[in-house]
Amino acid sequence: MASNIAKSTIFRAVGTRGYAQLAPVSGSTNYQVNVKTLPNKLVVVSADNDSPLARVSIVFRAGARNETSENLGAAHVIRTAAGLSTQNMTQFAITRNIQQLGASLTATSDRETISYTLEGTRQAVEKALPYLTEVATQQVFKPWELAELSDRLRIDLATRPLQLRAVDLLHKAAFRTGLGNSLYAPKFQIGKISSETLQHYVSSNFTSARGAVVGLGLDECKMDELAQSLTLDDSNGHVNVSPYKGGEIRSDKGGSFAFMAVAGEGASVKNPKEAMATAVLQRALGVGPQIKWSTVDNGILSKAICSSEGYASSAISATYSDTGLVGVLIAAPAKAAGKILEGAVKALKSGNVTDADVARGKNQLKTALLLHLESGSEAVELLGKQAVLAGGAMSPCELAAAVDSVSTADVRAALSKAGRKLTIASVGNLSNVPYADDLK
Amino acid sequence: MLKPCTVSGYFKSASQVVSNQLNVSGTVAVLPTRKPVQIPFQGNSALSLSRALPINANVSVSSGPAVSTQIRWAHTDINVPNFDDYRNPATKNPNKKSTDSEDSRKNFTYLVAGGLGASSAYAAKSVITQFVSSMSASADVLALAKIEIKLADIPEGKSVTFKWRGKPLFIRHRTPDEISTEQSVAVNNLRDPQHDNERVQNPEWLVVLGVCTHLGCVPIANSGDFGGYYCPCHGSHYDASGRIRKGPAPLNLEVPAYTFPTDDTLLVG
């Protein structure tokens, strides 16, 4: 009890004001991350960064990769259906109460996970926790509410930017099924995914063995209480195995630009050392200008491409539970697209990584990671992904140390692994974009 | 059905220039009506292009209850509210300063307001007068309220009694003796001190109400100790000016309002 009193807001304010340097609005930059696994295999991560804003996230390994051909697009519908009536609360009650408290609730999904995140001031978040647990675990998908979602799904599809479609197609070409599934429901599935299909998807994927609860700015015991109050099945569910296959997809859409994504196999979460090396490789390849308003990028890629056209390139990487991708995404004017793509492929296939590249990559990666962990909303997403995919979470210091331990040899190994078999996906005006087998 | 003889048809395509009933195309399609949505790519410099590219290939998409997806449609068929019909013509021209016409507009407004105010005040006054005058006495009542007396009919030294508004009215044609007597009475000794001049307009004529101020009896003229009036009920003596001189009455006899329209007529009331 005494420890609880010391944690209440007023004492915290006195503590930070009186005995320590005042924490910035975004919270302190270095904080302890506590990880705990409940008997039902639910991972609980809690951290306190002394920020006045708190975030709680409930994450499940239920992303698009778990869809099969029967329920293709279920993840998109579930993401969009966040906030619809649940077992005990109506859509109106959820929206009204959360808005009244001034909190915000979002559902975020990627290929591996779906996370429900509640953000707001500490008091608001504590009061809104019941709505978060309802929305995340007690879905019912009333058919008449689902029918109204169709238009919103269509708008989501229509407003996808081309660079996003390039990344989508890259996954489709590289993995075909599983991780190849799009984050968006295909057009032919809109209105065809029934309430029962979604219920089945939720009951088989939203289980405690596939979930995690992450709190940033909430008490450890509060987080325990929240985690234990969730009523979840503890089955392991089915994992869609999707090894890297490689291939090519072209989607001619016209316009003045070509968006090309080229990537090879990256590292999986299961191999943290390789994953870190791949992340350093991505930064060494170059992720666009790092200095404000500059157009110069000193990465390996821009040196290899060496073009004066108004193009942009960025190395991309993705780390999934069993495999990954690392490569480059290019936006180029249609005329110059061929040359630029050839340069990028050359860099990926036979690029030379120097010690200086690795050092620069490490610095950039560390900066990016630490900035991520300072910003509460990105930190809670990062912690959630680590917790649900790797079963643990690293504090900012541990992450920085892990980045430091990467050697040049590791990065070279990651590049040669990626260059072994490349996947190419291109969208836009493809008149000058070469086919995969024409690239040497 | 895919028949061998039709397969060749799938390797070419033809379009008919003039339609007829003989060559009908095989399949019927219903073209869906689509609402076009254009998402133009905004990058036109190397910097904005590079900012538009995602770094993380594991893209995530967020949505939430309430207002997470916001679509704004631009409408061209909404009438913009127009108040031109109600506006002053002097201020409608956008090329002229409205301050230039301010004085004339104000003058007009003040004139109209002033005119309306004055006429409505006059109307209100006449309406109120009409209502209030309905409460006052009618003409027949007013006619009864006055009495006109011919003075030539009253000889000197005589007091005549008339009926006026239901009360006795004494008109006395005083003799020079009586006048001089009453003029010389010491006012200080009187119970209700009044000089004779205050009680008469013309010293020859005394006009008083014949009601004793004690208990309202009618006094008798030309009797009593002072040669004026005497009340037989309780013995109040009044003098020839109608002043109380002796007895229980507290006040002098009341003098009504009267005028002399001509030399030989008296109008009381």
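For the structure itself, consult the block above.
Residues numbered from 1 in each chain as written. Chains lettered and ligands numbered in written order. Predicted model: local features only at pLDDT ≥ 70, side-chain atom pairs only at ≥ 80, totals over all residues. Heavy atoms only, no water.

Caption draft 1: Region of interest: the state of the cysteines. All names here are of chain B. Considering all chains together, one arrives at one disulfide over all chains under this definition. Across a sulfur-sulfur distance of 2.1 Å, C217 and C233 are joined as a disulfide pair. Judged by the sign of its S-S torsion, about -105 degrees, the bond between C217 and C233 is left-handed. On the criterion of sequence distance, the pair formed by C217 in the loop between β5 (205-209) and β6 (220-221) and C233 in the loop between β7 (227-231) and β8 (236-239) is long-range, its members being 16 residues apart. Overall, the relative accessible area of 40% leaves C233 in the partly exposed class. (Disulfide = S-S within 2.5 Å. Helix = DSSP H or I, 4+ residues; strand = E, 2+ residues; numbered from the N terminus. Buried < 20%, exposed > 50% of the residue type's maximum accessible area, 1.4 Å probe, protein only.)

Caption draft 2: Spatial organisation of empty space enclosed by the protein. Enumeration over the complete set of coordinates arrives at two cavities of 30 Å³ or more. Its volume calculated, the largest cavity comes out at about 80 Å³. In terms of lining residues, the largest cavity is bounded by I78(A), A81(A), A82(A), G83(A), L84(A), S85(A), T86(A), Y116(A), V135(A), Q139(A), V140(A) and F141(A). When grouped by side-chain class, the residues that make up the lining of the largest cavity number eight nonpolar, four polar and no charged. Approximately 60 Å³ is the volume attributed to the second largest cavity. Lining the second largest cavity are S57(A), V59(A), T108(A), S109(A), D110(A), T113(A), S115(A), V380(A), E381(A), G384(A), K385(A) and S60(B). Contributing elements (two or more residues each) for the lining of the second largest cavity: β3 (53-60), β4 (104-109) and α14 (376-390) of chain A. For the lining of the second largest cavity, the element with the most residues is α14(A), which contributes four residues. (1 Å grid on protein atoms, 1.4 Å probe; cavity = no way out; pocket = protein on both sides within 12 Å on 5 of 7 lines; lining within 4 Å. Points joined across faces, edges and corners; volume = space filled by probe spheres on them. Nonpolar A, V, L, I, M, F, W, Y, C, P; charged D, E, K, R; others polar.)

Caption draft 3: Region of the structure containing the interface of chain A and chain B. Across the boundary between the two partners, chain A contributes 49 residues, which contact 28 residues of chain B. The junction of chain A with chain B conceals about 3,200 Å² of combined surface from both sides, 64% of it contributed by carbon and sulfur atoms. Three residues, R152(A), I155(A) and Q163(A), lead the burial of chain A against chain B; their summed loss comes to 14% of the area buried on that side. Where chain A meets chain B, there are zero salt bridges. Put simply, chain A and chain B have nine residue pairs in polar contact (both at pLDDT 80 or more) between them. The biggest single contributor to the side of chain A that touches chain B is strand β9 (residues 312-319) of chain A, with eight residues. The residue inventory of the side of chain A that touches chain B, partitioned by class, reads 22 nonpolar, 18 polar and nine charged. Pairing of β4(A) with strand β1 (residues 61-63) of chain B involves three bridges; the strand directions are antiparallel. Residue pairing for β1(B): A107(A) is matched across the bridge by S63(B). (Contact = heavy atoms within 4.5 Å. Buried area = accessible area lost by both parts, 1.4 Å probe. Salt bridge = Lys/Arg side-chain N within 4 Å of Asp/Glu carboxyl O. Polar contact = N/O pair within 3.5 Å; in protein donor to acceptor, adjacent residues only side chain to side chain. Pairing = 2+ DSSP bridges.)

Caption draft 4: Representation of the environment of S134(B) within the structure. Residue and element names in this part refer to chain B. Checked against the element boundaries, S134 lands in the loop between α3 (102-133) and α4 (139-144). Given the relative accessible area of 55%, S134 is considered exposed. Of the polar contacts made by the side chain of S134, one reaches the backbone oxygen of F131; its length is 2.5 Å.

Caption draft 5: Highlighting a nonpolar patch on the surface. Taken together, the side chains of F108(B), V112(B) and L116(B) present a nonpolar region at the surface, about 320 Å² in accessible area. You can see L116(B) is positioned in helix α3. (Patch = residues over 30% accessible without salt bridge, like charges linked within 9 Å, V, L, I, M, F, W, Y side chains within 5 Å. Areas by Shrake-Rupley, 256 points an atom, 1.4 Å probe, with all protein chains shown as cover.)

Caption draft 6: Highlighting the sheet that holds β8(B). Residue and element names in this part refer to chain B. As summarised here, the arrangement of the four strands in space is β6-β7-β8-β9, forming an open sheet in which the pairing is antiparallel. Each edge of the open sheet carries a strand with a single partner, namely β6 and β9 (244-246). By the bridge criterion, four bridges tie β7 to β8 in an arrangement that is antiparallel. In the strand pairing of β8, C231 is matched with S236.

Caption draft 7: Main features of the sheet that holds strand β3 (residues 159-164) of chain B. All names here are of chain B. A sheet is described by the order of its strands in space; here three strands give the open sequence β3-β4-β5, paired in antiparallel fashion. The two strands at the open ends of the sheet, each matched to only one other strand, are β3 and β5. Mean inter-strand twist for the sheet, computed between neighbouring axes without regard to direction, equals 20 degrees. (Axes fitted to C-alpha atoms, helices over the stretch in contact; angles between N-to-C directions.)

Caption draft 8: A look at unusual backbone geometry. Residues and elements named next belong to chain A. The phi dihedral of K41 falls on the positive side, at around 75 degrees, and the residue is not glycine. Looking at where K41 falls in the secondary structure, it is placed in the loop between β1 (33-37) and β2 (43-47). We note that F141 has phi near 50 degrees; this positive angle belongs to a residue other than glycine. Relative to the elements of secondary structure, F141 occurs in the loop between α5 (122-137) and α6 (143-158).

Caption draft 9: Fine view of helix α9 (residues 220-229) of chain A. Residues and elements named next belong to chain A. Among the residues of α9, M223, D224, L226 and A227 are the ones counted as buried. The arc enclosing the buried residues of α9, seen along the axis, measures out at 165 degrees, which places them on a common side. Of the exposed residues in α9, the ones pointing more than 90 degrees away from its buried face are E225 and Q228. On its buried face, α9 sits against β1, β2, β3, α5 and β6 (211-216). (Arc of directions from axis to C-beta.)

Caption draft 10: Examining the layout of surface pockets more closely. The volume enclosed by the largest pocket comes to roughly 1,700 Å³. Together, 50 residues line the largest pocket, and R283(A), L369(A), H372(A), L382(A) and N56(B) are the ones closest to its centre. Of all the elements, helix α10 (residues 272-285) of chain A adds the most residues to the lining of the largest pocket, at eight residues. Of the residues in the lining of the largest pocket, the class split is 24 nonpolar, 19 polar and seven charged.

Caption draft 11: Geometry of the pairing of β8(B). Residue and element names in this part refer to chain B. Residues S236 and Y238 point to one face of β8 and H237 and D239 to the other, with burial holding for every one of them. The antiparallel pairing of β7 with β8 creates a hairpin that spans four residues between the two strands, and G235 there sits at a positive phi of about 75 degrees. Pairing geometry for β8 and β9, over two bridges, is antiparallel. Each bridged residue has a counterpart across the sheet, and for Y238 the counterpart in β9 is I244. Connecting β8 to the antiparallel partner β9 that follows it, the hairpin turn spans four residues, and G242 within it adopts a positive phi of roughly 80 degrees.

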